[in-house]
Amino acid sequence: MSVEAREKRQPWILLSPALGAVTMLLLVPLIFIVVYSFWLRSATGPDVVGFHLDNWESTLTDPFYRFILFNTLKIAAITTVICALLGYPAAYFITRSSGNKMLLLLLLMLPFWISYIIRTMSWINILGSSGAVNTFLMSIGLISSPIQMLYNEVTVILGLVHFLLPFMVLNIYVSLDGIDTNLEDAATSLGATRWQSFLQVTLPLSLPGLAAGGLLCFVLGAGTYITPLVLGGPQDAMFANLVFEAIITQLNWPLGSALSMALLLVLGSLVAIYNRFLGMSQLTKGLG
Amino acid sequence: MSSVQLDNIVKRFGAFTAVEKTSLSIPEGAFVTLLGPSGCGKTTTLRMIAGLLDPTEGDIIIGGRRVNDLPIHKRNLGLVFQNYALFPHKTVAENVAFGLRYRNVPKADITRRVQDALDLVQLPDVGARYPKALSGGQQQRIALARAIVIEPDVLLLDEPLSALDANLREDMRVELKRIQARIGVTTVFVTHDQSEALAMSDQIVVMSDGRVEQVGAPQDVYNTPASEFVARFLGASNILGGQCVAHGADGATLEVPVFGKIAVPAAKAPHLQGQGPAKLVIRAEKLFLRDTPPQDGAITVPATVEAVDYQGQSARYFLRAGDTALQAINMIEGRPFDQGAQVHLSIHPHDCAALPG
């Protein structure tokens, strides 16, 4: 074998374990889901194998599904905006803090070490009828019976912000940390106030990080089913709950597959639009 | 254009003192260089003048006005950084116009003044480009244009040439000096490069460990160093420890190893107080190697060449005379001396300087 041929093969040999894993764990199951979505569930026997568009038809035309999809995107959008507003100052503070930067980043990562479900459930102990807030308000005599604070859209958004804020902060942090501090010094020396130089220089240069964090929050938020399940009421179902319902409760794998593919396409196209304008490299920077 | 005055400035970071009680007076229109190795406090001093750092003690006076409490954006200073610090998301023209937008300059004037500044730095056609599309030297010119377009009272340059490669650095040195002379702005230049300092400055402030070692014109600082540190930092020097055996109005006589007694003129021994321990400073390029002893009244001693560092038009020789190691930098006439050669080493007393021991 010539040296050139060997050099060409080498990267592929080195990549093969990773490619194998991606193929077996991601690509093959995805193909299964696509194939499933064209089958039909029969009430009595095994699923009907074949090429049927029934599941896709109901997924795309049922107004209930469309309403839930709209609701899902709305909740994800609100969550993303809140995360951006809360996350930006936090990220800015971490970037500018000297010395204990690593400690602050570690604290930011700390929640990831606790199960997302446990973190979500913790809100029941805080906001539930015998939770911390109600117990406190009753003990000081402000209220006589517990207020119902859980199981609505607000608590779903609260839970999602709790879950997603670190992703936003990390992405903005990476972006801010890459900005030369001399730029703000240069801007102020030229006559801009601190605030003006932030608006003129730092903010525009950190937008890629903000966009990357936004995309992550939006996609992860729109794809969640745990938070609305634990913290939402029946009226707060999100799209992933429909998939959960179809597959786990009704054992209707073909419909669940079609629904999940629909969500994948919607979110996938968002990622594609993002990639078109900003590029994926910014996203991986934030994850690294 | 304004004078700058530092009055007993001190800067501490916690227990660390970056700048110790320093006073400095920079006249209007002067080009003053803060020179020293890294960590000597030169950049800290510059940043205090700029308003990026607050002095722990002392006053900063610009144009007769105390500016300690004046925030940086009101000081009207031009600041140029080593890494250019151009705004990457703005075009060159937008970069240069940045400072004018905060000075209520009418739009038409902004365009004209930006163009004038670009003309001044000899890059008239790059206004529409982004900084990334320019070379390092061009970016630094734009940074300079951005700093001077606002007609600053003082121009502050923080190692502006250090990121450029050697040839470009020398070109930019001439260019920078030309522009400064043209607009006549008071300039404070920070560098660790002695040749930049010698070539460009009206005055050099040599700093070390947060203290000012010497202030003077380039020739004074080079020829009559006020301390051993200055002698070693500027150029290559031989410093011989010895005794001052006679001290008077016309100079001092030093007794040192190798050369014996040398009469140093008074102008070259201003810091010597009287008899006692003293040091003799001889520049490496004032130590001459000869095949035969010269007949011009020079003091001549035999020496051996231990190593030769060939540099093209000149050579640097590492020599040994008795127990003493010396170095000399000589122009090469014909061919350089070989390693191991026995040579005659000569010095003129008027080339020597004396320091207290």
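Residues numbered from 1 in each chain as written. Chains lettered and ligands numbered in written order. Predicted model: local features only at pLDDT ≥ 70, side-chain atom pairs only at ≥ 80, totals over all residues.

What is the right way to read the sheet that holds strand β13 (residues 260–265) of chain B from this model?
Note on sheets: strands pair through backbone hydrogen bonds, and any given pair is parallel or antiparallel. Residue and element names in this part refer to chain B. Reading across from one edge, β13-β12-β11-β14-β20 is the order of the five strands in this open sheet, with antiparallel pairing throughout. Of all strands in the sheet, those bounded by a partner on one side alone are β13 and β20 (353–356). Sheet twist, expressed as the mean angle between neighbouring strand axes with direction ignored, is 40°. Here six bridges tie strand β12 (residues 251–256) to β13, and the two strands are oriented antiparallel to one another. Note on β13: the bridge partner recorded for Leu254 is Ile262. (Pairing = 2+ DSSP bridges. Helix = DSSP H or I, 4+ residues; strand = E, 2+ residues; numbered from the N terminus. Axes fitted to C-alpha atoms, helices over the stretch in contact; angles between N-to-C directions.)

Would you explain the domain arrangement of chain B in this entry?
Much of the literature gives interface size as the accessible area that the parts lose upon coming together. Partitioning chain B into domains gives domain 1 (4–223) and domain 2 (236–356). Each of domain 1 of chain B and domain 2 of chain B was reduced to a C-alpha centroid, and the two centroids are 38 Å apart. (Domains from an automatic or database assignment.)

Please explain the interface of chain B and chain A as it appears in this structure.
On the chain A side, the residues contacting the 16 residues of chain B number 15 residues. Taken together, the residues that form the side of chain B that touches chain A break down as eleven nonpolar, four polar and one charged. (Contact = placed C-beta atoms within 7 Å. Nonpolar A, V, L, I, M, F, W, Y, C, P; charged D, E, K, R; others polar.)

Got a minute to help me understand the nonpolar core in this structure?
One broad trend across soluble globular proteins is that nonpolar side chains are buried collectively. B:Val96, B:Leu156, B:Val188 and B:Ala354 are the most contacted members of the largest nonpolar core, which totals 106 residues. Leaving out residues up to four positions away in the same chain, B:Ala354 has contacts with B:Ala252, B:Leu254, B:Val264, B:Lys268, B:Ala269, B:Leu272, B:Ala278 and B:Leu280. With 46 residues, the next largest nonpolar core counts A:Ile157, A:Leu210, A:Cys217 and A:Ala262 among its residues. (Core = buried A, V, L, I, M, F, W, Y, C linked by C-beta atoms within 7 Å. Buried ≥ 20, exposed ≤ 12 C-beta atoms within 10 Å, placed from the backbone.)

How should I be thinking about helix α9 (residues 194–222) of chain A in this particular structure?
Given 3.6 residues per helical turn, the α-helix brings residues three or four places apart onto the same face. Over its 29 residues, α9(A) runs only 37 Å from end to end, short of the ideal 42 Å by more than 12%, given 1.5 Å per residue. A bend of about 45° at A:Leu207 is the largest found in α9(A), and the proline A:Pro208 appears one to four places after it. (Expected span 1.5 Å × (residues − 1). Bend = angle between axes of the 7 residues up to and from the residue.)

It is not clear to me how the packing of helix α3 (residues 63–96) of chain A against helix α7 (residues 153–177) of chain A should be interpreted in this structure. Could you clarify?
Angle between the axes and distance between the axes are the two parameters that describe a pair of packed helices. Residues and elements named next belong to chain A. The contact between α3 and α7 brings their axes to 6 Å, and the two run at 40°. For the element pair α3 / α7, the angle class is oblique. Where α3 crosses over α7, the two elements pack in a sense that is right-handed. The residue makeup of the contact of α3 with α7, split by class, is 22 nonpolar, three polar and two charged. (Parallel < 35°, antiparallel > 145°, perpendicular 65-115°, else oblique. Left-handed = near helix turned anticlockwise from the far one by under 90°.)

What is the right way to look at the pairing of strand β4 (residues 57–62) of chain B in this model?
Each regular strand shows side chains that alternate between the opposite faces of the sheet. Residue and element names in this part refer to chain B. Of the strand pairs in this sheet, strand β1 (residues 4–13) and β4 are connected by five bridges, and their pairing is antiparallel. Among the inter-strand pairings, Val10 is bridged to a residue of β4, identified as Glu57. Relative to strand β5 (residues 65–66), β4 is paired through two bridges, and the arrangement is antiparallel. Within the sheet, the bridge partner assigned to Ile61 lies in β5 and is Arg66.

Explain the packing of helix α1 (residues 3–36) of chain A against helix α12 (residues 253–277) of chain A to me, please; I cannot follow it from the model alone.
Residues and elements named next belong to chain A. At a closest axis distance of 7 Å, the pairing of α1 and α12 adopts a crossing angle of 115°. Between α1 and α12, the interaxial angle falls into the category roughly perpendicular. Like other packed secondary-structure pairs, α1 and α12 cross with a definite hand, here left-handed. Counting all contacts with α1, which are made through Ile33, Val34 and Tyr36, the residues of α12 involved are Trp253, Pro254, Ser257, Ser260 and Met261. Residues belonging to the contact of α1 with α12 are distributed by class as follows: six nonpolar, two polar and no charged.

What is the right way to look at the sheet that holds strand β7 (residues 154–158) of chain B in this model?
Residue and element names in this part refer to chain B. Pairing within the open sheet is mixed, and its six strands lie in the order β6-β7-β8-β3-β9-β10. Both edges of this open sheet fall to β6 (77–80) and β10 (211–216), since each of them pairs with a single strand only. Averaged over all neighbouring strand pairs, the angle between strand axes comes to 15°, with direction disregarded. With five bridges connecting them, strand β9 (residues 203–208) and β10 associate as antiparallel partners. Opposite Met207, over in β10, you have Val212 as the bridge partner.

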